[in-house]
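In case you want the letters, here they are:
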Amino acid sequence: LRVTVLVSGGGTNLQAIIDSVNNGTIKNTKLVGVISNNAGAYALERAKKADIPAFVISPKDYESREIFNDALLAKVKELDTDLVVLAGFLVRIPEKMVHEYSHRIINIHPSLIPSFCGVGYYGLKVHEAALAKGVKVSGATVHFVDEGMDTGEIIFQKAVEVKEDDTPETLQRRIMEEAEWKLLPAAINKIALNS
Ligand code: GRF
């Protein structure tokens, strides 16, 4: 399975995928590219260290969002991608790409969807909302991407305990370690074995 990973930040989920391919947790898979909208994303360094072709494609480098959308889709196709993985990617996926890659784009979201998801719920904001609500359990969800935001068919979920003294940062870290970094490789492996 030829996998292209889209990133915007530190790339810890990308690193979990790289390590899982290298240690055999993910089978029958080749990471063919990493694309970031953010030239400063440390995820790009992780890609380079792993000898994965890395590209910066940012909306601000294009005259319009439509031209950016076409450039992103063109690069994904140029890499002969079978599966697109959104790993902390903070730019909306173009509708044309959702349709051309129907059931071939997956996303990791750091909550138990349908809680704390949708427009405005990204990064630490997800965990701030969970703590503000006083939930005793949160977690992560990996799902297929459809036309909505965090609305596609759910593939896997994993619950994570919320502790009394949690801050958004400590909760984020636990959800990444105990859920995100396990669910995303497991979902890629499941798709690779069914491909
Ligand atoms: C984190 O907030 C994570 O919960 C979410 O994307 C953000 C960046 O993660 N999935 P990463 O370290 O860039 O993978």
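Treat the numbers as computed from the prediction; the structure is a model and nothing was measured.

A few points about the environment of Ala47
In step 1: Mapped onto the elements of the fold, Ala47 is located in helix 2 (residues 42-49).
In step 2: Its relative accessible area of 0% is what places Ala47 among the buried residues.
In step 3: For Ala47, the residues in contact, after removing those within four places along its chain, are Leu14, Val34, Ile52 and Ala54.

Quick look at the UniProt feature "site: Raises pKa of active site His" (unreviewed entry) in the chain
In step 1: Taken from the UniProt record, the annotation "site: Raises pKa of active site His" (unreviewed entry) applies to Asp150.
In step 2: Note on placement: Asp150 falls in the loop between strand 6 (137-144) and strand 7 (154-161).
In step 3: In contact with Asp150, other than residues within four places in its own chain, are Asn107, His109, Ile113, Cys117, Gly118, Tyr121 and His143.
In step 4: In terms of polar contacts, Asp150 uses its side chain to reach the side chain of Asn107, at 3.4 Å.

Description of the packing of helix 1 (residues 12-22) against helix 2
In step 1: For the pair helix 1 and helix 2, the least separation of the axes is 9 Å and the interaxial angle reads 15°. In terms of orientation, helix 1 lies roughly parallel with respect to helix 2. Helix-helix and strand crossings are classified by hand; for helix 1 and helix 2 the assignment is right-handed. Seen from helix 1, the contacting residues are Thr12, Leu14, Gln15 and Ile18; seen from helix 2, they are Ala43, Arg46 and Ala47.
In step 2: Residues of the contact of helix 1 with helix 2, tallied by class, amount to four nonpolar, two polar and one charged.

Considering the layout of surface pockets
In step 1: Size it by volume and the largest pocket reaches roughly 830 Å³.
In step 2: Lining the largest pocket are 39 residues; nearest its centre among them are Gly88, Phe89, Leu90, Asn107 and Tyr122.
In step 3: Of all elements in the fold, only helix 1, helix 4 (95-100), strand 5 (105-109) and helix 6 (168-194) reach the threshold of two or more residues within the lining of the largest pocket.
In step 4: Split by residue class, the lining of the largest pocket holds 15 nonpolar, 18 polar and six charged.

Calculation rules
Residues numbered from 1 in each chain as written. Predicted model: local features only at pLDDT ≥ 70, side-chain atom pairs only at ≥ 80, totals over all residues. Heavy atoms only, no water. Helix = DSSP H or I, 4+ residues; strand = E, 2+ residues; numbered from the N terminus. Buried < 20%, exposed > 50% of the residue type's maximum accessible area, 1.4 Å probe, protein only. Contact = heavy atoms within 4.5 Å. UniProt positions renumbered as here; feature names shortened; annotations may be inferred. Polar contact = N/O pair within 3.5 Å; in protein donor to acceptor, adjacent residues only side chain to side chain. Axes fitted to C-alpha atoms, helices over the stretch in contact; angles between N-to-C directions. Parallel < 35°, antiparallel > 145°, perpendicular 65-115°, else oblique. Left-handed = near helix turned anticlockwise from the far one by under 90°. Nonpolar A, V, L, I, M, F, W, Y, C, P; charged D, E, K, R; others polar. 1 Å grid on protein atoms, 1.4 Å probe; cavity = no way out; pocket = protein on both sides within 12 Å on 5 of 7 lines; lining within 4 Å. Points joined across faces, edges and corners; volume = space filled by probe spheres on them.

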